[in-house]
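Below are the chains, spelled out letter by letter.
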Amino acid sequence: MLRIKVLKLHPAAQLPRYAHSGAWGDLAADLYASEEATLAPGATGLVPTGIAMEFPSEYGALVEDRSGLAVKGITTLAGVIDPGYRGEIKVVLTNLSTEPRTIAVGDRLAQLRLVRRYEAIFEEVDELIEAPRGAGGFGSTGK
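Now for a description of the structure that goes with this document. The model shown is predicted, which means the values in this text are computed figures rather than measured ones.

Criteria and cut-off values
- Residues numbered from 1 in each chain as written.
- Predicted model: local features only at pLDDT ≥ 70, side-chain atom pairs only at ≥ 80, totals over all residues.
- Heavy atoms only, no water.
- Helix = DSSP H or I, 4+ residues; strand = E, 2+ residues; numbered from the N terminus.
- Rg over C-alpha atoms; globule rule 2.2 N^0.38 Å.
- Pairing = 2+ DSSP bridges.
- Axes fitted to C-alpha atoms, helices over the stretch in contact; angles between N-to-C directions.
- Salt bridge = Lys/Arg side-chain N within 4 Å of Asp/Glu carboxyl O.
- Buried < 20%, exposed > 50% of the residue type's maximum accessible area, 1.4 Å probe, protein only.
- Polar contact = N/O pair within 3.5 Å; in protein donor to acceptor, adjacent residues only side chain to side chain.
- Contact = heavy atoms within 4.5 Å.

Take the overall build of the protein next. Of regular secondary structure, the protein possesses 1 helix and 10 strands. If you list the helices and strands of the protein from N to C, you get β-β-β-β-β-α-β-β-β-β-β. Over its C-alpha atoms the protein spans a radius of gyration of 18 Å, topping by over 25% the 15 Å that the globule rule assigns to 143 residues. Considering only C-alpha atoms, the protein reaches an extent of 55 × 40 × 30 Å along its principal axes.

The following block contains the structure:
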């Protein structure tokens, strides 16, 4: 089992937790707010978690939406945590709703998904091999 070291920086901080574990468990762990924050309609702000983490060099994490908040118009932005980052994890939230939204201390505000780090060499070429999808972008499948 992968172990991630977590340092509590704030008395109200909580370690990330999976709501469901085991064979059919969650893909991501919940992150919790360590301070209250209110986001006005259309506003973007940082919400602290009060924790810092030490990832093994082969791993990092993505901070992603919680579906319950997304339905209310609260979405995450800029959620990549590199393995060498040791500062406080803060979640960038945007309020897309028309009402102010308050995040209370202890609220689940985002999900932390662990990812394996791969380093690639990006090689410039003159052409790419043709594939069925081709150069089609968003909506290219007709759906």
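More follows now that the structure is in view.
What the 4 strands build is an open sheet, ordered β1-β4-β8-β6; its pairing is antiparallel. Each edge of the open sheet is held by one strand with a lone partner, namely β1 (5-8) and β6 (74-77). Recorded for the sheet is a direction-independent mean angle of 45° between the axes of neighbouring strands. Bridge analysis of strand β4 (residues 44-54) against strand β8 (residues 88-95) gives 6 bridges, and the strand direction is antiparallel. Bridging across to β8, Val47 finds its partner in Val91.

With respect to topology, 4 strands assemble into an open sheet ordered β2-β10-β5-β7, the strand pairing being antiparallel. Of all strands in the sheet, those with a lone pairing partner are β2 (29-32) and β7 (80-81), marking the two edges. Pairing between β2 and strand β10 (residues 108-116): 4 bridges, direction antiparallel. By the bridge assignment, Leu31 is partnered in β10 with Ala110.

Turning next to the pattern of salt bridges. Taken as a whole, this structure holds 5 salt bridges when the rule is applied. Among the salt bridges present, the one from Asp30 reaches Arg66, with a minimum N-O distance of 3.6 Å. Placement of the pair is Asp30 in strand β2 and Arg66 in the loop between β5 (59-64) and α1 (67-70), with a sequence separation of 36 residues. This pair shows no difference in class: Asp30 is buried, exactly as Arg66 is. When the shortest N-O distance is used, the salt bridge between Arg117 and Glu119 registers 3.0 Å. Taken together, the shared-partner salt bridges in this structure form one network comprising Asp30, Arg66 and Arg108.

This next bit is on unusual backbone geometry. In this model, Ala78 sits at a positive phi of 50°, which is unusual for a non-glycine residue. Looking at where Ala78 falls in the secondary structure, it is placed in the loop between β6 and β7. Looking at Ala78, the relative accessible area reads 71%, which means it is exposed.

Now for the side chain of Ser34. Note on placement: Ser34 falls in the loop between β2 and β3 (37-39). Looking at Ser34, its side chain comes within polar contact range of the main-chain nitrogen of Gly50, at 3.2 Å.

Summarising the element assignment, Thr94 is placed in strand β8. A polar atom in the side chain of Thr94 sits 2.8 Å from the side chain of Thr44. Ignoring any residue separated from it by four or fewer positions in sequence, one finds Thr94 in contact with Leu39, Ala43, Thr44, Gly73, Ile74, Thr75 and Leu77.

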